[in-house]
Amino acid sequence: MAKRAVKKGPTPEEDAKEFFAALDQIEEERGIPKSYMLEKIEQALITAYKHDHDKITDNVSVIFNEEKADIRMVVRRDVVEEVDNPDTEISLEDARRALPYVQLGDVVKKEIKIKNFGRVAAQTARQVIVQGIREAERNMVFDAFNEKTREMLSGTVSRTDPRTGALHVRLTAGKEKTDALLSASEQVKGEYYSEGDRIRVYVVEVRRTTRGTQVVISRTHAGLVKRLFELEVPEIFDGVVEIKSIAREAGSRTKMAVWSNDPEVDPIGACVGIRGARVSAIVEELHGEKVNIIKYSEDMSTYIAAALAPASVLSVTMVEEKSYRVVVPDDQLSLAIGKEGQNARLAARLTGCKIDIKSLSAAQEEDAQADALPEEEPTEDEAEALLADEAEAAAEQDDDLFAPEEAEE
């Protein structure tokens, strides 16, 4: 009877080649560096070995040799007379059976057959490797999106939550993808999106959590308007025109102060574009939100007057630091304040100053009342100083009366 042919399994060299090829594939498809995976695999193998040898210290190492398609795991033991810990020590007698010329105090190495690991140890190694892959993927996602902080990204609405109104948005940064939550508070009132819709969002922050990378996004942030202008206006992207400040009430109105570093370039005209084409594209993206563009000025009075546009301003007076009184024509008061105070509120946020708006008639009445007020009585210190000055003047007058006459020539 003919003997049955025994099918031979792959040799250790073939296993090693297949192992390194798998690492190359992981690096290519997932972007996880081979060096990182080798580090995690070494950690997994050592952890597995320690599962059955709890007295092992740091005397175990794994050697990877891709050129020779070789993976070896060795344990180092000190040669001693009496063995206290068999996982880290070997007797001189046992050591000389393999190495006849070994001496006390030497360190001998012994190769460990990885295939001899028990089932529990193998499972431990597998868990460490899987955990390492997940950790690497999380780090890559975090790094990719952390570079996009304070930038605008385009995504796709993957799901809507009818209970909270939140949107789940699928975002991409390079080769990495993640799902971000656009909460109802970060959505513009009046905007509605359905699954599959494209949406532009502003990346506010990227956080590490136990569940992975969390990307905080917004549609109400003033930074979204800034990034839209950088996208539509080449002069801003190139740095010729600079956005100095933005104040926004999302869905309603935005005020933006711009400045040109080139005297020949009109900053407002550059942002508006020919026939308003540039700003119209931004307004369309913001679903009809009004955008007022003003020219920035280092002179705070001029800056505040421009910030209150479209109202006309008669005068701007500083009351104290960061606090100004603005006088406008009587028929411009409501326009300067705006509906529910919006115009004045946005102007104050844009300039960073407290603004008190008065109509011309109210300002004149206020000034007249101030002029009619009696002079304030001097304080006790001021009264004493005044009496001292009067006494000094009287003494000087007495000296003049009793001074000797000059001799006649």
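Above this text you will find the structure in question.
Structure report, in brief. Keep in mind it's a predicted model, so treat the numbers as computed, not measured.

1. Notes on the environment of Thr88
Logical step 1: Structurally, the position occupied by Thr88 is in the loop between β2 (70-80) and β3 (89-91).
Logical step 2: The buried category is assigned to Thr88, whose relative accessible area is 13%.
Logical step 3: With 29 residues separating them along the chain, Thr88 and Asn59 place their C-alpha atoms 7.0 Å apart.

2. Some details on the pairing of strand β1 (residues 60-65)
Logical step 1: Both β1 and β2 contribute to a ladder of 6 bridges, which runs antiparallel. By the bridge assignment, Val60 is partnered in β2 with Val75.
Logical step 2: Remark: 4 residues form the turn of the hairpin made by β1 and β2, two consecutive strands paired antiparallel; Ala69 in that turn has positive phi of roughly 50°.

3. Concerning the sheet that holds strand β14 (residues 323-328)
Pairing between the strands of a sheet comes from backbone hydrogen bonds, and it takes one of two forms, parallel or antiparallel.
Logical step 1: The strand order across the open sheet built from 3 strands is β13-β14-β15, with neighbouring strands paired in mixed fashion. Two strands bound the open sheet, and with one partner strand each, they are β13 (315-320) and β15 (354-359). Ignoring which end each strand starts from, the neighbouring axes of this sheet average 25° apart.
Logical step 2: Examined bridge by bridge, β13 and β14 share 5 bridges and lie antiparallel to one another. Each bridged residue has a counterpart across the sheet, and for Met318 the counterpart in β14 is Tyr324.

4. Remarks on the packing of helix α5 (residues 222-232) against helix α8 (residues 277-285)
Logical step 1: Contact pair α5 / α8: the axes reach a minimum separation of 10 Å and the direction vectors enclose 140°. With respect to their mutual orientation, α5 and α8 come out oblique. The hand of the α5/α8 crossing is right-handed. Packed against α5, whose contacting residues are Leu228, Phe229 and Glu232, the element α8 presents Arg278, Val279, Ala281, Ile282 and Glu285 at the interface.
Logical step 2: By residue class, the composition of the contact of α5 with α8 is 5 nonpolar, no polar and 3 charged.

5. Thoughts on the packing of aromatic side chains
Logical step 1: One pass over the full model with this rule turns up 2 aromatic pairs.
Logical step 2: Each ring, one from Tyr296 and one from Tyr303, has its centre 4.9 Å from the other, and the planes form 70°; the classification is edge-to-face.
Logical step 3: Among the aromatic residues, those joined into a cluster by ring pairs are Trp259, Tyr296 and Tyr303.
Logical step 4: Lying over the aromatic face of Phe142, Arg208 brings its terminal NZ or CZ to 3.8 Å of the ring centre.

What counts and what doesn't
Residues numbered from 1 in each chain as written. Predicted model: local features only at pLDDT ≥ 70, side-chain atom pairs only at ≥ 80, totals over all residues. Heavy atoms only, no water. Helix = DSSP H or I, 4+ residues; strand = E, 2+ residues; numbered from the N terminus. Buried < 20%, exposed > 50% of the residue type's maximum accessible area, 1.4 Å probe, protein only. Pairing = 2+ DSSP bridges. Axes fitted to C-alpha atoms, helices over the stretch in contact; angles between N-to-C directions. Parallel < 35°, antiparallel > 145°, perpendicular 65-115°, else oblique. Left-handed = near helix turned anticlockwise from the far one by under 90°. Contact = heavy atoms within 4.5 Å. Nonpolar A, V, L, I, M, F, W, Y, C, P; charged D, E, K, R; others polar. Phe/Tyr/Trp six-rings, centres within 6.5 Å; stacked < 30°, edge-to-face > 60°. Lys NZ or Arg CZ within 6 Å of the ring centre and 35° of its normal.

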